[in-house]
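Close look at the chain arrangement
Given next are the chains, with one letter for each unit.
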Amino acid sequence: MSFPLCPFTDSRSNAAVNIQLFILMPDLGAEDVLTQGGKDIAFADYSPLWKNHRRLVHNSFTLFGEGSGKLQTIVQEAAEDLCEELRSCSGQSSDLSPVLMRAVTNVICRLVFSSSYQRNDPEFLTVMDYNDGIVQTIARGGLVDIFPWLRIFPNKDLKKLKQCVSVRDQLLHRKLLEHKMTLTPGEPRDLLDALLIGQMKGSGGEDDITEDHVLMTAAEAFGAGVETTSTTLLWTIAFLLHHPQVQERVHSELDECVGQARAPSLSDRSRLPLLDAVLCEVMRIRPVSPILIPHVAMQDTSLGGHSVPKGTRVLVNMWAIHHDPKHWDEPEQFRPERFLDASGRRVTPSSFLPFGAGPRVCVGESLARIELFLFASRLLQRFHFSVPPGASLPELQGRFGVVLQPQSYSVTVTPRH
Ligand code: HEM
Ligand code: PLO
(Lines give C-alpha, C1' and ligand atoms only; values in the text may rest on other atoms or scores of the structure.)
(Ligands and ions follow the chains in the order given, each with its own letter.)
Protein backbone atom coordinates (compact mmCIF):
# COMPACT_ATOMS: atom_id res chain seq x y z
CA MET A 1 0.00 0.00 0.00
CA SER A 2 1.30 3.47 -0.63
CA PHE A 3 0.19 6.60 1.16
CA PRO A 4 0.73 10.28 0.46
CA LEU A 5 3.97 11.39 2.02
CA CYS A 6 4.05 14.42 4.21
CA PRO A 7 6.74 16.47 2.47
CA PHE A 8 7.92 17.75 5.83
CA THR A 9 8.62 14.37 7.41
CA ASP A 10 9.54 10.85 6.38
CA SER A 11 6.52 9.33 8.03
CA ARG A 12 4.07 7.32 5.98
CA SER A 13 0.62 6.71 7.22
CA ASN A 14 -2.79 5.38 6.52
CA ALA A 15 -5.85 7.54 7.05
CA ALA A 16 -7.82 4.58 8.34
CA VAL A 17 -5.51 3.99 11.32
CA ASN A 18 -4.36 7.47 11.85
CA ILE A 19 -6.42 8.59 14.80
CA GLN A 20 -4.43 7.43 17.77
CA LEU A 21 -5.89 6.21 21.04
CA PHE A 22 -2.98 6.34 23.43
CA ILE A 23 -1.77 9.59 24.65
CA LEU A 24 1.31 10.39 26.66
CA MET A 25 3.74 13.03 25.68
CA PRO A 26 7.34 11.88 25.55
CA ASP A 27 10.06 13.73 27.42
CA LEU A 28 11.52 15.81 24.68
CA GLY A 29 13.81 18.68 25.58
CA ALA A 30 13.24 22.29 24.70
CA GLU A 31 9.60 22.08 25.67
CA ASP A 32 10.67 21.32 29.26
CA VAL A 33 12.26 24.78 29.30
CA LEU A 34 9.11 26.22 27.75
CA THR A 35 6.66 24.58 30.13
CA GLN A 36 8.50 24.17 33.46
CA GLY A 37 8.74 20.45 32.80
CA GLY A 38 5.21 19.88 31.50
CA LYS A 39 3.00 22.18 33.59
CA ASP A 40 1.12 23.12 30.44
CA ILE A 41 -1.49 21.20 28.44
CA ALA A 42 0.11 20.43 25.07
CA PHE A 43 3.39 18.89 26.22
CA ALA A 44 2.24 17.38 29.52
CA ASP A 45 1.89 13.64 30.03
CA TYR A 46 -1.58 12.21 30.35
CA SER A 47 -2.43 11.95 34.07
CA PRO A 48 -5.35 12.72 36.43
CA LEU A 49 -3.78 16.13 37.08
CA TRP A 50 -3.51 16.80 33.34
CA LYS A 51 -7.18 15.81 32.92
CA ASN A 52 -8.22 18.27 35.64
CA HIS A 53 -6.05 20.95 34.12
CA ARG A 54 -7.40 20.46 30.62
CA ARG A 55 -11.01 20.40 31.86
CA LEU A 56 -10.47 23.69 33.70
CA VAL A 57 -8.90 25.32 30.64
CA HIS A 58 -11.69 24.04 28.43
CA ASN A 59 -14.36 25.36 30.80
CA SER A 60 -12.62 28.72 31.04
CA PHE A 61 -12.47 29.02 27.24
CA THR A 62 -16.16 28.16 27.09
CA LEU A 63 -16.94 30.87 29.65
CA PHE A 64 -15.52 33.54 27.36
CA GLY A 65 -16.38 31.81 24.11
CA GLU A 66 -19.14 31.88 21.56
CA GLY A 67 -22.05 32.04 24.00
CA SER A 68 -20.76 34.95 26.07
CA GLY A 69 -20.43 37.59 23.36
CA LYS A 70 -17.28 38.83 25.08
CA LEU A 71 -14.95 37.01 22.74
CA GLN A 72 -16.85 38.24 19.70
CA THR A 73 -16.42 41.86 20.85
CA ILE A 74 -12.72 41.34 21.55
CA VAL A 75 -12.10 39.86 18.10
CA GLN A 76 -14.25 42.43 16.31
CA GLU A 77 -12.35 45.26 17.96
CA ALA A 78 -9.01 43.70 17.05
CA ALA A 79 -10.27 43.26 13.48
CA GLU A 80 -11.25 46.97 13.35
CA ASP A 81 -7.79 47.95 14.51
CA LEU A 82 -6.24 45.68 11.92
CA CYS A 83 -8.40 47.18 9.16
CA GLU A 84 -7.40 50.71 10.19
CA GLU A 85 -3.76 49.72 10.02
CA LEU A 86 -4.24 48.15 6.59
CA ARG A 87 -6.07 51.22 5.30
CA SER A 88 -3.05 53.31 6.19
CA CYS A 89 -0.88 51.21 3.89
CA SER A 90 -3.47 50.72 1.15
CA GLY A 91 -2.09 50.65 -2.37
CA GLN A 92 1.41 49.78 -1.13
CA SER A 93 3.09 46.42 -1.28
CA SER A 94 3.06 45.00 2.27
CA ASP A 95 3.95 41.92 4.23
CA LEU A 96 0.83 41.08 6.25
CA SER A 97 2.59 38.85 8.74
CA PRO A 98 3.53 41.42 11.44
CA VAL A 99 0.12 43.16 11.38
CA LEU A 100 -1.77 39.87 11.59
CA MET A 101 0.50 38.69 14.41
CA ARG A 102 -0.20 41.86 16.34
CA ALA A 103 -3.96 41.58 15.85
CA VAL A 104 -4.06 37.96 16.97
CA THR A 105 -1.72 38.61 19.91
CA ASN A 106 -4.01 41.38 21.06
CA VAL A 107 -6.99 39.01 21.10
CA ILE A 108 -5.12 36.61 23.38
CA CYS A 109 -3.89 39.48 25.58
CA ARG A 110 -7.41 40.70 26.15
CA LEU A 111 -8.85 37.25 26.62
CA VAL A 112 -6.15 36.08 29.03
CA PHE A 113 -5.51 39.18 31.11
CA SER A 114 -7.81 41.97 29.91
CA SER A 115 -4.93 44.07 28.58
CA SER A 116 -5.43 45.88 25.38
CA TYR A 117 -2.31 47.23 23.78
CA GLN A 118 -1.75 50.15 21.46
CA ARG A 119 0.62 49.54 18.57
CA ASN A 120 3.77 50.77 20.28
CA ASP A 121 3.02 49.90 23.88
CA PRO A 122 6.37 48.81 25.39
CA GLU A 123 4.79 45.84 27.17
CA PHE A 124 3.19 44.70 23.94
CA LEU A 125 6.53 44.97 22.17
CA THR A 126 8.06 42.84 24.94
CA VAL A 127 5.43 40.15 24.37
CA MET A 128 6.05 40.20 20.61
CA ASP A 129 9.78 40.13 21.18
CA TYR A 130 9.99 37.19 23.58
CA ASN A 131 7.54 35.18 21.50
CA ASP A 132 9.60 35.85 18.40
CA GLY A 133 12.75 34.82 20.28
CA ILE A 134 11.14 31.53 21.34
CA VAL A 135 9.78 30.79 17.88
CA GLN A 136 13.11 31.59 16.19
CA THR A 137 15.27 29.55 18.56
CA ILE A 138 12.96 26.56 18.53
CA ALA A 139 12.51 26.63 14.78
CA ARG A 140 16.08 27.50 13.82
CA GLY A 141 17.17 23.95 13.02
CA GLY A 142 14.11 23.42 10.85
CA LEU A 143 12.33 20.11 11.15
CA VAL A 144 14.81 17.45 12.16
CA ASP A 145 12.88 14.29 11.71
CA ILE A 146 9.87 14.69 13.94
CA PHE A 147 9.76 18.14 15.44
CA PRO A 148 12.29 20.97 15.63
CA TRP A 149 12.48 20.91 19.40
CA LEU A 150 13.66 17.32 19.40
CA ARG A 151 16.99 18.62 18.21
CA ILE A 152 19.88 18.85 20.62
CA PHE A 153 20.11 22.57 20.99
CA PRO A 154 23.28 24.51 20.38
CA ASN A 155 24.14 26.30 23.66
CA LYS A 156 23.62 29.72 22.12
CA ASP A 157 20.04 28.88 21.18
CA LEU A 158 19.31 27.27 24.52
CA LYS A 159 20.61 30.38 26.31
CA LYS A 160 18.45 32.64 24.17
CA LEU A 161 15.42 30.39 24.68
CA LYS A 162 15.91 30.47 28.45
CA GLN A 163 16.26 34.27 28.38
CA CYS A 164 13.03 34.71 26.41
CA VAL A 165 11.17 32.24 28.62
CA SER A 166 12.40 34.10 31.69
CA VAL A 167 11.14 37.47 30.35
CA ARG A 168 7.82 35.80 29.49
CA ASP A 169 7.47 34.21 32.93
CA GLN A 170 8.31 37.45 34.78
CA LEU A 171 5.70 39.35 32.81
CA LEU A 172 3.08 36.67 33.32
CA HIS A 173 3.94 36.39 36.98
CA ARG A 174 3.36 40.11 37.43
CA LYS A 175 -0.03 39.79 35.74
CA LEU A 176 -0.87 36.84 37.93
CA LEU A 177 -0.10 38.78 41.12
CA GLU A 178 -2.13 41.79 39.96
CA HIS A 179 -5.04 39.48 39.18
CA LYS A 180 -4.84 37.68 42.51
CA MET A 181 -4.95 40.97 44.39
CA THR A 182 -7.99 42.28 42.54
CA LEU A 183 -9.91 39.04 42.04
CA THR A 184 -13.60 38.78 42.93
CA PRO A 185 -14.52 35.09 43.25
CA GLY A 186 -17.62 34.40 41.19
CA GLU A 187 -16.87 37.23 38.79
CA PRO A 188 -14.00 36.22 36.55
CA ARG A 189 -12.92 39.09 34.31
CA ASP A 190 -10.76 36.99 32.02
CA LEU A 191 -9.11 33.63 31.55
CA LEU A 192 -6.49 34.26 34.20
CA ASP A 193 -9.22 34.97 36.78
CA ALA A 194 -11.14 31.85 35.72
CA LEU A 195 -8.03 29.68 36.04
CA LEU A 196 -7.11 31.17 39.43
CA ILE A 197 -10.61 30.59 40.73
CA GLY A 198 -10.46 27.00 39.44
CA GLN A 199 -7.08 26.48 41.06
CA MET A 200 -8.27 27.85 44.42
CA LYS A 201 -11.30 25.55 44.36
CA GLY A 202 -8.98 22.49 44.24
CA SER A 203 -9.48 19.82 46.88
CA GLY A 204 -5.94 20.10 48.15
CA GLY A 205 -5.00 16.72 46.66
CA GLU A 206 -2.04 15.84 44.48
CA ASP A 207 -4.11 16.06 41.29
CA ASP A 208 -4.80 19.76 41.78
CA ILE A 209 -3.15 22.26 39.50
CA THR A 210 -0.76 24.79 41.03
CA GLU A 211 -0.13 28.46 40.34
CA ASP A 212 2.69 27.40 38.01
CA HIS A 213 0.16 25.47 35.92
CA VAL A 214 -1.94 28.64 35.67
CA LEU A 215 1.12 30.54 34.53
CA MET A 216 2.07 27.93 31.93
CA THR A 217 -1.50 27.86 30.62
CA ALA A 218 -1.41 31.59 30.01
CA ALA A 219 1.96 31.22 28.26
CA GLU A 220 0.66 28.40 26.09
CA ALA A 221 -2.49 30.29 25.13
CA PHE A 222 -0.16 32.88 23.58
CA GLY A 223 2.12 30.33 21.95
CA ALA A 224 -0.58 28.13 20.51
CA GLY A 225 -3.08 30.90 19.86
CA VAL A 226 -0.86 33.34 18.00
CA GLU A 227 1.23 31.17 15.67
CA THR A 228 -1.56 28.92 14.45
CA THR A 229 -4.24 31.54 13.83
CA SER A 230 -2.02 34.16 12.17
CA THR A 231 -0.46 31.47 9.96
CA THR A 232 -3.87 30.17 8.84
CA LEU A 233 -4.90 33.73 7.92
CA LEU A 234 -1.67 34.17 5.95
CA TRP A 235 -2.32 30.93 4.04
CA THR A 236 -5.87 32.11 3.35
CA ILE A 237 -4.72 35.34 1.69
CA ALA A 238 -1.97 33.44 -0.18
CA PHE A 239 -4.49 31.00 -1.69
CA LEU A 240 -6.92 33.81 -2.52
CA LEU A 241 -4.12 35.57 -4.44
CA HIS A 242 -3.71 32.37 -6.45
CA HIS A 243 -7.47 32.09 -6.96
CA PRO A 244 -8.80 35.62 -7.58
CA GLN A 245 -12.12 34.23 -8.84
CA VAL A 246 -12.71 32.61 -5.41
CA GLN A 247 -11.91 35.94 -3.73
CA GLU A 248 -14.47 37.62 -6.00
CA ARG A 249 -17.14 35.06 -5.06
CA VAL A 250 -16.41 35.56 -1.35
CA HIS A 251 -16.74 39.32 -1.86
CA SER A 252 -20.13 38.83 -3.52
CA GLU A 253 -21.30 36.50 -0.77
CA LEU A 254 -20.34 39.08 1.86
CA ASP A 255 -21.98 41.92 -0.08
CA GLU A 256 -25.23 39.98 -0.43
CA CYS A 257 -25.46 38.56 3.08
CA VAL A 258 -23.88 41.26 5.26
CA GLY A 259 -23.51 44.38 3.10
CA GLN A 260 -21.17 47.20 4.06
CA ALA A 261 -23.09 48.95 6.80
CA ARG A 262 -22.04 46.69 9.66
CA ALA A 263 -19.28 44.28 10.61
CA PRO A 264 -19.92 40.54 10.13
CA SER A 265 -20.80 38.71 13.33
CA LEU A 266 -20.89 35.06 14.36
CA SER A 267 -24.59 34.87 13.60
CA ASP A 268 -23.71 35.46 9.91
CA ARG A 269 -21.57 32.33 9.75
CA SER A 270 -24.32 30.02 8.50
CA ARG A 271 -25.17 32.56 5.78
CA LEU A 272 -21.57 32.69 4.52
CA PRO A 273 -20.95 29.06 3.55
CA LEU A 274 -18.40 29.88 0.85
CA LEU A 275 -16.18 31.86 3.22
CA ASP A 276 -16.47 29.06 5.76
CA ALA A 277 -15.58 26.53 3.04
CA VAL A 278 -12.54 28.60 1.99
CA LEU A 279 -11.25 28.53 5.58
CA CYS A 280 -11.77 24.76 5.77
CA GLU A 281 -10.05 24.17 2.44
CA VAL A 282 -7.08 26.26 3.60
CA MET A 283 -6.80 24.16 6.78
CA ARG A 284 -7.08 20.98 4.71
CA ILE A 285 -4.52 21.79 2.08
CA ARG A 286 -2.01 23.44 4.46
CA PRO A 287 -2.63 22.14 7.99
CA VAL A 288 -0.54 24.33 10.31
CA SER A 289 0.29 21.23 12.35
CA PRO A 290 0.83 18.58 9.65
CA ILE A 291 1.97 15.83 12.04
CA LEU A 292 0.22 17.18 15.14
CA ILE A 293 2.14 16.87 18.41
CA PRO A 294 3.97 13.54 18.93
CA HIS A 295 1.94 11.04 20.96
CA VAL A 296 3.11 7.92 22.83
CA ALA A 297 1.37 4.58 23.44
CA MET A 298 0.57 4.32 27.15
CA GLN A 299 0.21 0.54 26.98
CA ASP A 300 0.84 -2.35 24.58
CA THR A 301 -1.81 -2.23 21.92
CA SER A 302 -2.47 -2.50 18.20
CA LEU A 303 -3.49 0.03 15.64
CA GLY A 304 -4.91 -0.93 12.24
CA GLY A 305 -3.46 -4.43 12.60
CA HIS A 306 0.03 -3.27 13.63
CA SER A 307 1.21 -4.04 17.11
CA VAL A 308 2.19 -0.95 19.04
CA PRO A 309 4.29 -1.67 22.14
CA LYS A 310 3.96 0.57 25.18
CA GLY A 311 6.20 3.62 24.86
CA THR A 312 6.08 3.75 21.04
CA ARG A 313 5.99 7.26 19.71
CA VAL A 314 2.92 7.58 17.50
CA LEU A 315 2.84 10.31 14.90
CA VAL A 316 -0.40 11.25 13.23
CA ASN A 317 0.28 12.18 9.64
CA MET A 318 -2.49 14.73 9.16
CA TRP A 319 -0.85 15.87 5.95
CA ALA A 320 -1.43 12.39 4.49
CA ILE A 321 -5.03 12.28 5.71
CA HIS A 322 -5.72 15.68 4.13
CA HIS A 323 -4.05 14.72 0.84
CA ASP A 324 -5.26 11.14 0.48
CA PRO A 325 -6.70 10.70 -3.05
CA LYS A 326 -9.01 7.99 -1.69
CA HIS A 327 -10.80 10.65 0.31
CA TRP A 328 -10.18 13.81 -1.71
CA ASP A 329 -10.55 14.22 -5.44
CA GLU A 330 -7.38 15.92 -6.80
CA PRO A 331 -6.13 16.69 -3.29
CA GLU A 332 -3.43 19.10 -4.49
CA GLN A 333 -6.06 21.43 -5.96
CA PHE A 334 -7.48 24.28 -3.88
CA ARG A 335 -11.24 23.70 -4.14
CA PRO A 336 -13.44 25.14 -1.39
CA GLU A 337 -16.48 23.45 -3.04
CA ARG A 338 -15.40 20.19 -1.39
CA PHE A 339 -16.93 21.61 1.76
CA LEU A 340 -20.27 22.50 0.11
CA ASP A 341 -23.08 20.19 -0.95
CA ALA A 342 -25.03 20.48 -4.19
CA SER A 343 -27.29 23.16 -2.71
CA GLY A 344 -24.34 25.18 -1.39
CA ARG A 345 -24.67 24.14 2.26
CA ARG A 346 -21.52 23.54 4.33
CA VAL A 347 -20.54 19.91 4.84
CA THR A 348 -17.60 18.42 6.74
CA PRO A 349 -15.97 15.32 5.24
CA SER A 350 -14.83 12.81 7.87
CA SER A 351 -11.19 12.95 6.75
CA PHE A 352 -10.94 16.61 7.71
CA LEU A 353 -9.26 16.90 11.10
CA PRO A 354 -7.19 20.11 11.26
CA PHE A 355 -7.51 20.27 15.04
CA GLY A 356 -6.78 16.59 15.67
CA ALA A 357 -9.29 14.32 17.40
CA GLY A 358 -9.88 12.48 20.66
CA PRO A 359 -8.85 13.51 24.17
CA ARG A 360 -5.91 15.58 22.91
CA VAL A 361 -7.90 17.47 20.28
CA CYS A 362 -6.98 21.18 20.16
CA VAL A 363 -8.42 22.79 23.25
CA GLY A 364 -8.57 26.15 21.45
CA GLU A 365 -10.58 24.88 18.47
CA SER A 366 -13.71 26.93 19.02
CA LEU A 367 -11.70 30.05 19.87
CA ALA A 368 -9.66 29.53 16.70
CA ARG A 369 -12.73 29.06 14.52
CA ILE A 370 -14.32 32.21 15.91
CA GLU A 371 -11.17 34.22 15.27
CA LEU A 372 -10.64 32.88 11.76
CA PHE A 373 -14.21 33.63 10.77
CA LEU A 374 -14.40 37.13 12.26
CA PHE A 375 -10.98 38.24 11.00
CA ALA A 376 -11.36 36.76 7.52
CA SER A 377 -14.90 38.04 7.03
CA ARG A 378 -14.07 41.61 8.12
CA LEU A 379 -10.87 41.71 6.04
CA LEU A 380 -12.61 40.46 2.91
CA GLN A 381 -15.65 42.66 3.44
CA ARG A 382 -13.43 45.74 3.48
CA PHE A 383 -10.47 44.92 1.25
CA HIS A 384 -9.41 43.43 -2.02
CA PHE A 385 -6.09 41.59 -1.92
CA SER A 386 -3.90 41.41 -5.02
CA VAL A 387 -0.36 40.62 -6.08
CA PRO A 388 1.70 43.85 -6.22
CA PRO A 389 2.72 44.93 -9.73
CA GLY A 390 5.90 43.13 -10.76
CA ALA A 391 5.78 40.74 -7.77
CA SER A 392 5.29 36.98 -8.06
CA LEU A 393 2.46 34.96 -6.61
CA PRO A 394 3.18 33.63 -3.09
CA GLU A 395 5.13 30.39 -2.93
CA LEU A 396 2.74 27.68 -1.74
CA GLN A 397 5.34 25.12 -0.73
CA GLY A 398 5.49 26.15 2.94
CA ARG A 399 8.28 25.91 5.48
CA PHE A 400 8.15 24.09 8.74
CA GLY A 401 9.08 26.09 11.84
CA VAL A 402 6.98 25.67 14.97
CA VAL A 403 4.06 25.45 12.55
CA LEU A 404 3.83 25.06 8.76
CA GLN A 405 4.07 28.62 7.45
CA PRO A 406 3.96 30.17 3.99
CA GLN A 407 7.17 31.80 2.84
CA SER A 408 6.90 35.54 3.27
CA TYR A 409 5.10 37.29 0.43
CA SER A 410 3.90 40.77 -0.47
CA VAL A 411 0.36 41.83 -1.14
CA THR A 412 -1.41 45.01 -2.20
CA VAL A 413 -4.41 45.84 -0.05
CA THR A 414 -7.11 48.00 -1.65
CA PRO A 415 -10.23 49.26 0.19
CA ARG A 416 -13.34 47.96 -1.59
CA HIS A 417 -15.72 50.80 -0.84
C1 HEM B 1 -3.31 21.21 20.17
C2 HEM B 1 -4.49 22.80 15.76
C3 HEM B 1 -5.44 27.21 17.57
C4 HEM B 1 -4.35 25.57 22.00
C5 HEM B 1 -3.52 21.30 18.83
C6 HEM B 1 -3.30 20.22 17.91
C7 HEM B 1 -3.65 20.66 16.68
C8 HEM B 1 -4.08 22.02 16.81
C9 HEM B 1 -3.60 19.88 15.37
C10 HEM B 1 -2.67 18.87 18.26
C11 HEM B 1 -3.65 17.75 18.43
C12 HEM B 1 -2.93 16.45 18.66
O13 HEM B 1 -1.71 16.41 18.76
O14 HEM B 1 -3.60 15.42 18.70
C15 HEM B 1 -4.80 24.14 15.87
C16 HEM B 1 -5.17 25.00 14.75
C17 HEM B 1 -5.43 26.23 15.26
C18 HEM B 1 -5.24 26.16 16.70
C19 HEM B 1 -5.26 24.54 13.30
C20 HEM B 1 -5.85 27.52 14.58
C21 HEM B 1 -6.08 27.65 13.30
C22 HEM B 1 -5.31 27.13 18.94
C23 HEM B 1 -5.65 28.18 19.87
C24 HEM B 1 -5.32 27.72 21.11
C25 HEM B 1 -4.81 26.37 20.96
C26 HEM B 1 -6.25 29.53 19.48
C27 HEM B 1 -5.46 28.38 22.46
C28 HEM B 1 -5.50 29.63 22.68
C29 HEM B 1 -3.96 24.26 21.87
C30 HEM B 1 -3.51 23.43 22.99
C31 HEM B 1 -3.24 22.17 22.46
C32 HEM B 1 -3.50 22.26 21.03
C33 HEM B 1 -3.38 23.87 24.45
C34 HEM B 1 -2.81 20.92 23.22
C35 HEM B 1 -4.04 20.07 23.57
C36 HEM B 1 -3.69 18.81 24.36
O37 HEM B 1 -2.57 18.33 24.28
O38 HEM B 1 -4.58 18.31 25.04
N39 HEM B 1 -4.01 22.38 18.14
N40 HEM B 1 -4.85 24.88 17.01
N41 HEM B 1 -4.83 26.04 19.63
N42 HEM B 1 -3.95 23.52 20.72
FE43 HEM B 1 -4.50 24.17 18.91
C1 PLO C 1 4.99 28.63 19.80
C2 PLO C 1 5.98 29.59 20.42
C3 PLO C 1 5.55 29.94 21.83
O4 PLO C 1 6.35 30.96 22.39
C5 PLO C 1 5.53 28.68 22.67
C6 PLO C 1 4.59 27.67 22.06
C7 PLO C 1 3.67 27.08 22.86
C8 PLO C 1 2.67 26.12 22.39
C9 PLO C 1 2.96 25.52 21.00
C10 PLO C 1 3.47 26.66 20.08
C11 PLO C 1 4.77 27.33 20.61
C12 PLO C 1 3.62 26.15 18.62
C13 PLO C 1 2.35 25.52 18.07
C14 PLO C 1 1.85 24.40 19.00
C15 PLO C 1 1.66 24.96 20.40
C16 PLO C 1 0.89 23.88 21.15
C17 PLO C 1 -0.08 23.36 20.04
C18 PLO C 1 0.39 23.99 18.73
C19 PLO C 1 2.80 23.21 18.96
C20 PLO C 1 5.97 26.42 20.47
C21 PLO C 1 0.20 23.11 17.50
C22 PLO C 1 -1.03 23.14 16.84
O23 PLO C 1 0.98 22.42 16.97
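To keep things clear, this report deals only with the structure shown in the data block. (Residues numbered from 1 in each chain as written. Chains lettered and ligands numbered in written order. Predicted model: local features only at pLDDT ≥ 70, side-chain atom pairs only at ≥ 80, totals over all residues. Heavy atoms only, no water.)

Time to look at the overall build of the protein chain. Each helix and strand counted, the protein chain has twelve helices and nine strands in total. Looking at the protein chain residue by residue over its 417 residues, the buried ones come to 55%. Partitioning the intrachain contacts of the protein chain with sequence separation of at least 6 by distance along the chain shows that 74% fall at a separation of at least 24. In the form shown here, the protein chain has an accessible surface area of approximately 18300 Å², with 51% of it arising from carbon and sulfur atoms. (Helix = DSSP H or I, 4+ residues; strand = E, 2+ residues; numbered from the N terminus. Buried < 20%, exposed > 50% of the residue type's maximum accessible area, 1.4 Å probe, protein only. Contact = heavy atoms within 4.5 Å. Areas by Shrake-Rupley, 256 points an atom, 1.4 Å probe, with all protein chains shown as cover.)

Turning next to the packing of helix H9 (residues 244-257) against helix H12 (residues 365-382). Helix-helix packing is described using two parameters, namely the angle between the two axes and the distance between the axes. As a packed pair, H9 and H12 sit with axes 9 Å apart at the nearest point and diverge in direction by 95°. In terms of their interaxial angle, H9 and H12 are classed as roughly perpendicular. Together, Gln 247, Val 250, His 251 and Leu 254 of H9 and Ser 377, Leu 380 and Gln 381 of H12 make up the contact between the two elements. Here the residues of the contact of H9 with H12 are counted per class, giving three nonpolar, four polar and no charged. (Axes fitted to C-alpha atoms, helices over the stretch in contact; angles between N-to-C directions. Parallel < 35°, antiparallel > 145°, perpendicular 65-115°, else oblique. Nonpolar A, V, L, I, M, F, W, Y, C, P; charged D, E, K, R; others polar.)

Ranked by size, the top nonpolar core spans 111 residues in total, and within it Leu 86, Leu 96, Phe 113, Phe 375 and Phe 385 carry the most contacts. Per-element tally for this core: the top contributor is helix H8 (residues 211-242), with 16 residues. Excluding anything up to four places from it in sequence, Leu 86 contacts Leu 96, Val 99, Leu 379, Phe 383 and Val 413. Within the second largest apolar cluster, five residues are counted, among which are Leu 292, Val 316, Ile 321 and Leu 353. (Core = buried A, V, L, I, M, F, W, Y, C linked by side-chain atoms within 4.5 Å.)

In spatial order, the strands read S1-S9-S6; together these three strands make up an open sheet with antiparallel pairing. The open sheet has two free edges, formed respectively by strand S1 (93-94) and strand S6 (383-386), since each of these has just one partner strand. The sheet contact formed by S1 and strand S9 (residues 411-415) spans two bridges and is antiparallel. What sits directly across from Ser 94, in S9, is Val 411. (Pairing = 2+ DSSP bridges.)

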